[in-house]
Amino acid sequence: MRNEVVSLISLLSLLPFGLSQEDTIPSSPESFHPWSFEPVCTQHFEALKGPLCVYTNATFSNGRGISIFTTPEISKDFAASLPFHEPSALSDHGINPSEGEGPWYVQDIPGKGKGVLAKRDLHRGDRITAFTPYLLVHMESELSINEREKFLSIAVDQLPAASQEHYFSLATIWGEAGYEVQDVVKANGFEMQVGGKMHVAVFPETSRMNHACSPNAQYYLEPGLLTHFVHASRDISTDEEITISYAPPLRFHEARQKYLLDYFHFTCTCSRCKNGEASDHALHEIDGLQSSLGNWKPESTASVKKAEELIRLYKQEGLDGFLDTAYGYAALTYNAVGSVRGAKKYAKLAGEAAAMKYGPSHSDVNVWKELERDPQGHVSWRRRKIGK
Ligand SMILES: *[C@@H]1O[C@H](CO)[C@@H](O)[C@H](O)[C@H]1NC(C)=O
């Protein structure tokens, strides 16, 4: 699974399940809307205060379809969300474009299986993909593997044929017969918070993107649109492979390798993985610079020189998709010594980077926009002694 955290199977007791919901049993056929079939439910689970059910809308987004395995309560959140009652909300945003429409294509990559490549030159900030999931699964530890497979199979079987086929063409981890649906979830799932509960979502197009420790693309999830967005975090040339990070890229070498091995069963061989010592050295430097730049006491050793060095290190490590942090420190540091020009320049870049990493409506984006708009009105204005 991609992101901080765990597999469906190993999740187990870690989950803080909601304790407040009333149990709701789906009843008469008229109440299916917006679902194409009568929801199929498990037994009642004490920890979930109800069952988990399969909800499918087979005509969702021009026949792409979507299946959701979640609680009746959360299914109502889905049903109420914009994409279900305003289908143009997706197409108006260019979400779920038809095949071949995006600036990317899929091809076999020696030693890596399939990968996604750029169809044309892409610039930093360009959108690469925007898709809704085929399958969304509430994380839980109540069901046995066999029971879970039974319900998730129903969820996938209820999707349109083309979507089923696409689903089963994705990479797996265990390769064990009888558990194919969970296997695809495990190998391809992205975590998405819905209704206050963690779900795992499978976005087949985006799943084809391979991992890199210095990825050239960054993604975020927009739960309101049920959409996974990917943008170029730096310029990408025609026919270059497009990559995202499956592991937290600012963790040390050994922790990153362990993460990829534990959750994705592969050993990373990209340059930051092969030169673990050098990459750890850079991370230590990054860490030291960030502590200094984040120290606002009078004795702080923060300086614009250090902020520039921090940006240089992020770029050297290929962490362009995570530059909002470095740009943010730079914006604050320039502003703190009274440089409106430096503050505006870096606040703009920080805002752009944050929008690619968290989505344009995230509060961080607003913080940087506000600093760009009015540096002198920001609390950091001339907070440090000039000359530092
Ligand atoms: C499925 O979702 C679409 C939105 O894409 C909606 O217009 C439609 O009514 C839903 N289908 C059913 C059976 O309710």
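Numbering of residues starts from 1 in each chain and follows the order in which that chain's sequence is written. For this predicted model, a pLDDT threshold of at least 70 governs which residues receive local features, and a threshold of 80 or more governs which side-chain atom pairs are given and counted, while totals over whole chains, interfaces and linings are taken from all residues. By convention in this description, side-chain values take in all heavy atoms of the structure and omit both hydrogens and water.

Looking up the protein in an unreviewed UniProt entry gives the name SET domain-containing protein, with the organism given as Exophiala xenobiotica.

Draft legend 1. Inspection of helix 12 (residues 276–293) at higher detail. Per the convention used, a helix needs a DSSP run of H or I reaching at least four residues, while a strand needs a run of E reaching at least two, with both numbered from the N terminus. Multiplying one less than the number of residues by 1.5 Å gives the expected span of a helix. For helix 12, built from 18 residues, the straight-helix expectation of 26 Å at 1.5 Å per residue is met to within 8% by its first-to-last C-alpha distance of 25 Å. The buried label applies to any residue whose accessible area, calculated with a 1.4 Å probe on protein chains only, is under 20% of its type's maximum; exposed applies above 50%, and partly exposed to all values in between. Buried within helix 12 are the following residues: Gly276, Ser279, Asp280, Ala282, Leu283, Ile286, Leu289, Gln290, Ser292 and Leu293.

Draft legend 2. Representation of the site of the ligand. Working definition: residue near molecule or strand if any one of its non-hydrogen atoms lies within 4 Å of it. Every residue close to the ligand is listed here: His33, Pro34, Trp35, Asn57, Thr59, Phe60, Ser61, Pro83, Phe84 and Pro87. The definition of a polar contact used here is a pair of N or O atoms within 3.5 Å, where within protein one atom must be able to donate a hydrogen and the other to accept one, and adjacent residues in sequence count solely through side-chain atom pairs. Between an oxygen atom of the ligand and a main-chain N or O atom of Pro34, the distance comes to 3.3 Å. Contact between the ligand and Asn57: an oxygen atom at 2.3 Å from a side-chain N or O atom of the residue. Here, Shrake-Rupley sampling with a 1.4 Å probe gives the accessible areas, and only protein chains in the shown set may cover a residue. Across the complex, the protein chains shield 72% of the 360 Å² of accessible surface that the ligand would expose by itself. Under this grouping Gly is polar, as are all residues other than the nonpolar Ala, Val, Leu, Ile, Met, Phe, Trp, Tyr, Cys and Pro and the charged Asp, Glu, Lys and Arg. Looking at the shell around the ligand, its residues break down into six nonpolar, four polar and no charged.

Draft legend 3. Up close: the side chain of Thr42. Its place among the elements puts Thr42 in the loop between strand 1 (40–41) and strand 2 (53–57). Under the relative-accessibility criterion, Thr42 is labelled buried at 9%. Contacts are assigned to residue pairs that have any heavy atoms within 4.5 Å of one another. Excluding residues that lie within four positions of it along the chain, Thr42 makes contacts with Pro51, Leu52, Phe69, Leu143 and Phe151.

Draft legend 4. The arrangement of the packing of aromatic side chains in detail. Geometry of aromatic contacts follows a simple scheme: Phe, Tyr and Trp rings, the Trp one being its six-membered ring, pair when their centres are within 6.5 Å, and the pair is stacked under 30 degrees between planes, edge-to-face over 60, tilted otherwise. The full count for this structure, using the stated rule, is 15 aromatic pairs. For the ring pair Phe190 and Phe203, a centre distance of 6.0 Å and an interplane angle of 65 degrees mean the geometry is edge-to-face. Taken together, the residues Phe190 in strand 8 (residues 189–194) and Phe203 in the loop between strand 9 (197–202) and helix 9 (204–207) connect sequence positions 13 residues apart. Given a relative accessible area of 0%, Phe190 falls into the buried group. The interplanar angle of 80 degrees and the centroid separation of 6.3 Å between the aromatic rings of Tyr246 and Phe266 together place this pair among those described as edge-to-face. On the criterion of sequence distance, the pair formed by Tyr246 in the loop between strand 13 (241–244) and helix 10 (253–264) and Phe266 in the loop between helix 10 and helix 11 (271–274) is long-range, its members being 20 residues apart. Under the relative-accessibility criterion, Tyr246 is labelled buried at 6%.

Draft legend 5. Quick peek at the UniProt feature "domain: SET" (unreviewed entry) in the protein. UniProt positions are given in the numbering used here, feature names are shortened, and annotations may be inferred rather than shown by experiment. Summarizing the sequence annotation, UniProt attributes the feature "domain: SET" (unreviewed entry) to residues 102–247 in the numbering used throughout. Between the first and last C-alpha atoms of residues 102–247 the distance is 25 Å; the span itself is 23% helix and 35% strand.

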